[in-house]
Amino acid sequence: MIMDPHSTTLKPRSWRHMPAPCVDHGGKEARFAYDWQRTHPSGEGLIFARPTKTGSTSFSFAMINAAKGLARRSSKDYCRFQTVHDNAIQMKYSERNRETSYLFSLLRDPNKRSVSQFFYNGLTLDRKNENPTAEYFEQFLLHNPIDLHVTYVEQLRFYPQLEGEDAVQHILQDYDFIGITERMDESMVVWSMLLDLELEDILYLKSNEGGGMASIPGQCFEVPKSFVSNEMQSFLDSQQWKTIVKWDYVLYDRANQSLDATIDKLGRLAVEKRVSRFKALQRQVEKTCRPVTKFPCSVDGVYEENHDCLEACGMPCLDTFRGSIDG
């Protein structure tokens, strides 16, 4: 992607003709490679910079399936990928090999994301505060009590000295693709087209966290249903908060514009047809794989040690499902 100092929108990069960073691995080596790449800076492969509470788990599952698809296409066992919540500076994304890596992210409306962070992190993980008052809501968002990345700009920028418009422009130029949570199906399909992937390569099975249960290793807990009271909305409408999320909204709006421009370039009708097909396949996946997949949390909220979501939920079933389509 060409660096343009006057660019104000993301120009997604096609990776169709680039060699996939795939290798022959097996057994314990593949398991080690997966664990290592989740926690160490990575300069190659599919790299997903995951802001929290954007629906990134679903996109992460699709990416893991895509890595398998790239491996099949390359006649290899394993393709490198990384999916982490850490910030770009910690993960040294500025040092990545641009020829053999594809860096992307996912953005959600900043206010909706902040509300979701509050109910998930502030009320669920921080069990000391279970009363969703407007005062606690404001305190949580302003003082970041559990070290969240409050803004997209803070998490995605490569250099700490970048702020405001400079930070937004660099993010738009440094990332190969940015999807939009509210347009998840479109985002996944466009991403797959840029990577020259089959739709079968990006199918995923949603975890059961959307049903009100969430998990950390060894524990399940209920996530309260989110809402925004009049007092909470007053804070979100305040000049103080608008100043904090100003550049996140600029980045979000430009990423939205970029997605539209990319769809137009790929051919809107072609994308719409592919989205329709993707939705149909996803419905089949849910119907076929959910009943036979063991999730981290049972319907009774009991943590399942031997669940089927170690990498991505239901991968054995997804592999079988893909084989039935290919056959």
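Anything mentioned here points back to the structure above.
These remarks concern the structure in this document. (Residues numbered from 1 in each chain as written. Predicted model: local features only at pLDDT ≥ 70, side-chain atom pairs only at ≥ 80, totals over all residues. Heavy atoms only, no water.)

## Quick word on the sheet that holds strand β2 (residues 45-49)
Rule in force here: Note: two strands are recorded as paired if DSSP finds a minimum of 2 bridges between them. Helix and strand definitions follow DSSP, with helices as H or I runs of at least four residues and strands as E runs of at least two, each counted in order from the N terminus. Axis lines are fitted through C-alpha atoms, for helices just across the contact stretch, and the angle between N-to-C directions can take any value from 0 to 180 degrees. Should any heavy atoms of two residues lie within 4.5 Å, those residues are considered in contact.
Strands sit in the order β4-β2-β5-β6 across an open sheet of four strands; the sheet is parallel. Here the strands that pair on one side only, and so sit at the sheet edges, are β4 (81-84) and β6 (177-180). When strand polarity is set aside, the average angle formed by the axes of neighbouring strands in this sheet is 20°. Both β2 and strand β5 (residues 101-107) contribute to a ladder of five bridges, which runs parallel. When the bridges of β5 are listed, Ile 47 appears paired with Leu 103. Of the strands in this sheet, β5 and β6 touch helix α9 (residues 239-266), which is tilted by about 100° from β6.

## Observations concerning the packing of aromatic side chains
Where we set the bar: Between the rings of Phe, Tyr and Trp (Trp by its six-membered ring), a pair exists once the centres lie within 6.5 Å; its type follows the angle of the planes, with under 30 degrees stacked, over 60 edge-to-face, and the other angles tilted. When a residue's accessible area, from a 1.4 Å probe over protein chains only, is under 20% of the maximum for its type it is buried; when over 50% it is exposed; and in between it is partly exposed. Here, a charge over a ring means that NZ of Lys or CZ of Arg falls within 6 Å of the ring centre while also lying within 35 degrees of the ring normal.
Tallying each qualifying case throughout the model produces 16 aromatic pairs. Note on Phe 48 and Phe 59: the rings are 5.6 Å apart at their centroids and 50° apart in plane angle, and the pair reads as tilted. With a gap of 11 residues between them, Phe 48 in strand β2 and Phe 59 in helix α2 (residues 56-73) connect regions that are remote in the sequence. Neither Phe 48 nor Phe 59 differs from the other in exposure class; each is buried. Note on Tyr 249 and Tyr 252: the rings are 6.4 Å apart at their centroids and 90° apart in plane angle, and the pair reads as edge-to-face. Taken together, the positions of Tyr 249 and Tyr 252, both in helix α9 and three residues apart, correspond to about one turn of that helix. The ring of Tyr 120 carries the charged tip of Lys 53 above its face, separated from the ring centre by 3.9 Å.

## Regarding the pairing of β5
The buried count for β5 comes to seven of seven residues, which makes it a mostly enclosed element. Side-chain alternation along β5 places Ser 101, Leu 103, Ser 105 and Leu 107 on one buried face and Tyr 102, Phe 104 and Leu 106 on a second face that is also buried. Note that β5 and β6 share four bridges and pair parallel. Its bridge partner lying in β6, Phe 104 is registered against Phe 177.

## Notes on the pairing of strand β8 (residues 219-222)
Where strand β7 (residues 213-216) meets β8, four bridges bridge the pair, whose relative direction is antiparallel. Counted as the bridge partner of Ile 216 is Gln 219 from β8. If you look at the hairpin formed by β7 and β8, you'll find two residues sitting between the two strands, and Gly 218 has a positive phi there, around 90°.

## Some remarks on helix α6 (residues 164-174)
Counted residue by residue, α6 has eight buried out of 11 residues, so it is predominantly covered. Those residues of α6 that sit buried are Gly 164, Ala 167, Val 168, Gln 169, Ile 171, Leu 172, Gln 173 and Asp 174. Packing partners of the buried residues in α6 comprise β5, α5 (152-156), β6 and α9.

## As for the environment of Pro 217
Inspection of the secondary structure puts Pro 217 in the loop between β7 and β8. Taking the C-alpha atoms as reference points, Pro 217 and Glu 305, separated by 88 residues in sequence, lie 8.3 Å from one another.

## Regarding the environment of Leu 46
Position of Leu 46 among the secondary structure elements: in strand β2. By relative accessible area, Leu 46 is classed as buried at 0%. Remark: the alpha-carbon pair of Leu 46 and Ser 101, spanning 55 residues in sequence, is separated by 5.8 Å. Beyond its immediate chain neighbours, meaning those up to four positions away, Leu 46 contacts Trp 15, Met 63, Ala 66, Ala 67, Leu 70, Arg 80, Phe 81, Gln 82, Tyr 102, Phe 104 and Leu 195.

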